[in-house]
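# Commentary on secondary and tertiary structure
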Amino acid sequence: MFSLLPWRQARSIFDLTGETLAGQGIALLLADLDNTLIPYAQSQPTQALLDWRDDLARHGVTLFLLSNNRKPQRPERFAQALGIDCLTHAGKPKTGGFFRAMERCGAAAGETAMVGDQVFTDVLGANRAGVRSILIRPIRLAGNPGRYLRYWAELPLRWLSRGRRWKG
Ligand SMILES: [Mg+2]
């Protein structure tokens, strides 16, 4: 379905606990990398991120990295350090990457969610693939005018879906 509105909005990934995700019937959480899990300049997971992954795993939620990054090295290293599977060059908002990820994890669309910081890739792609979309605020916009422009373009959509807050 073509929709630019996220299923839910949250401040950051840390609002999404294993318990609340599992409570929504989510067994697979696809996650964007840049400005969702870490800022652009960073390449290693923080301790908070490792703890978050553990919390998800304890509740039976698999974390999977779905990145549009065309250079696979950084996302692959990051995923390895976090101990999760990943798919790079995913081509979001095309749906192919979503379906490949779900197939690899043996998960149906109905038990899958995607968390990301961008409407026109993460949210649109997830909605098209029939996966629940969770939009967060970008970790850091600083340093790139293009990122500000994109964020401003997204603001009306964030505003339109302001009632769809993640309840954690
Ligand atoms: Mg991103």
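Heads up: these notes are all about the structure in this document. These numbers were taken from a predicted model, which means no experiment stands behind them. (Residues numbered from 1 in each chain as written. Predicted model: local features only at pLDDT ≥ 70, side-chain atom pairs only at ≥ 80, totals over all residues. Heavy atoms only, no water.)

### Observations concerning the layout of surface pockets
Inclusion rule: Think of a 1 Å grid over the protein atoms and nothing else: a 1.4 Å probe that fits but is trapped marks a cavity, an open set flanked by protein within 12 Å on at least five of seven lines marks a pocket, and residues with an atom within 4 Å of a point count as lining. Grid points are joined across faces, edges and corners, and a volume is the space filled by probe spheres set on the points. Nonpolar residues are Ala, Val, Leu, Ile, Met, Phe, Trp, Tyr, Cys and Pro. Charged residues are Asp, Glu, Lys and Arg, and all others, Gly as well, are polar.
Quantified by volume, the largest pocket comes out at close to 300 Å³. If you go around the largest pocket, you meet 16 residues; those closest to its centre are D34, S67, N68, N69 and Q118. When the residues that make up the lining of the largest pocket are grouped by side-chain class, the tally is 2 nonpolar, 7 polar and 7 charged. Space inside the second largest pocket adds up to approximately 230 Å³. In terms of lining, the second largest pocket is formed by Q9, A10, R11, D15, L135, R137, R158, W159, R162, R165 and W166. Each residue belonging to the lining of the second largest pocket can be placed in one class, and the counts come to 4 nonpolar, 1 polar and 6 charged.

### Some remarks on the nonpolar core
General note: in soluble globular proteins, nonpolar side chains tend to be found buried as a group. Selection criterion: What is meant by a nonpolar core is a set of buried Ala, Val, Leu, Ile, Met, Phe, Trp, Tyr and Cys residues, joined one to another through side-chain atoms within 4.5 Å. When accessible area is computed with a 1.4 Å probe and restricted to protein chains, residues below 20% of their type maximum are described as buried, those above 50% as exposed, and intermediate ones as partly exposed. Where helices and strands are cited, they refer to DSSP runs of H or I of at least four residues and of E of at least two residues respectively, numbered from the N terminus.
Formed by 28 residues in total, the largest nonpolar core has its most connected members in L21, L29 and I134. Those elements giving two or more residues to this core turn out to be β2 (28-31), α2 (47-58), β3 (62-66), α3 (73-82), β5 (112-116) and β6 (132-136). Considering every element that reaches this core, the biggest residue donor is α2, with 4 residues. Counting residues in each nonpolar core, the second largest holds 14 residues, with L30, L66, A90 and F98 among its members.

### A look at the packing of aromatic side chains
Formally: When the centres of two rings from Phe, Tyr and Trp lie within 6.5 Å, Trp using its six-membered ring, the rings pair. Their planes under 30 degrees apart give stacked, over 60 give edge-to-face, and anything left gives tilted. Any Lys NZ or Arg CZ that is within 6 Å of a ring centre and within 35 degrees of that ring's normal is treated as a charge sitting over the ring.
According to the stated counting rule, one finds 3 aromatic pairs in the structure shown. Judged by centre distance (6.3 Å) and plane angle (80°), the rings of F14 and W52 are edge-to-face. Residue F14 is located in the loop between β1 (8-10) and α1 (18-23), and its partner W52 is located in helix α2; the two are separated by 38 residues in the primary sequence. Here F14 falls in the partly exposed class, since its relative accessible area comes to 41%. Over the ring of Y40 we find R147, and its NZ or CZ is 3.6 Å from the ring centre. Here R162 stacks its cationic end above the ring of W159, 3.8 Å away from the centre of that ring.

### Some remarks on the pattern of salt bridges
Our working rule: Salt-bridge detection follows one rule: a side-chain nitrogen of Lys or Arg within 4 Å of a carboxyl oxygen of Asp or Glu.
Scanning all chains against the criterion turns up 8 salt bridges. Of the charged contacts in the structure, one is a salt bridge between R74 and D34, with a shortest N-O distance of 2.7 Å. Highlighted residues: R74 in helix α3 and D34 in the loop between β2 and α2, separated in sequence by 40 residues. It is possible to trace a salt-bridge network through shared partners that takes in D32, K92 and D122.

### Details of the side chain of T88
For clarity, the cut-off: Contacts are residue-level and defined by heavy atoms, with any inter-residue pair within 4.5 Å sufficient.
As for its position among the elements, T88 is in the loop between β4 (85-87) and α4 (96-105). With a relative accessible area of 18%, T88 lands in the buried category. Residues in contact with T88, not counting those within four places in the same chain, are S67, N69, P72, P75 and E76.

### Details of the sheet that holds β1
Threshold: Pairs of strands are assigned from DSSP output, requiring at least two bridges between the strands. Here an axis means a line fitted to C-alpha atoms, over the contact stretch when the element is a helix, while the angle between two N-to-C directions is reported on a 0 to 180 degree scale.
Strands sit in the order β1-β6-β5-β2-β3-β4 across an open sheet of 6 strands; the sheet is parallel. Two strands in the sheet have a free side with no partner beyond their single neighbour: β1 and β4. Pairwise comparison of adjacent strand axes, ignoring direction, gives a mean angle of 25° for this sheet. In this sheet, β6 lies alongside β1 in parallel orientation, the contact comprising 3 bridges. Residue Q9 lies in a different strand from β6, and its bridge partner there is L135.

### Things to note about the packing of α2 against α3
Axis separation between α2 and α3 bottoms out at 10 Å; the angle between their running directions is 65°. Contacts from L49, L50 and R53 in α2 reach F78, A81 and L82 in α3. Residue classes in the contact of α2 with α3 are distributed as 5 nonpolar, no polar and 1 charged.

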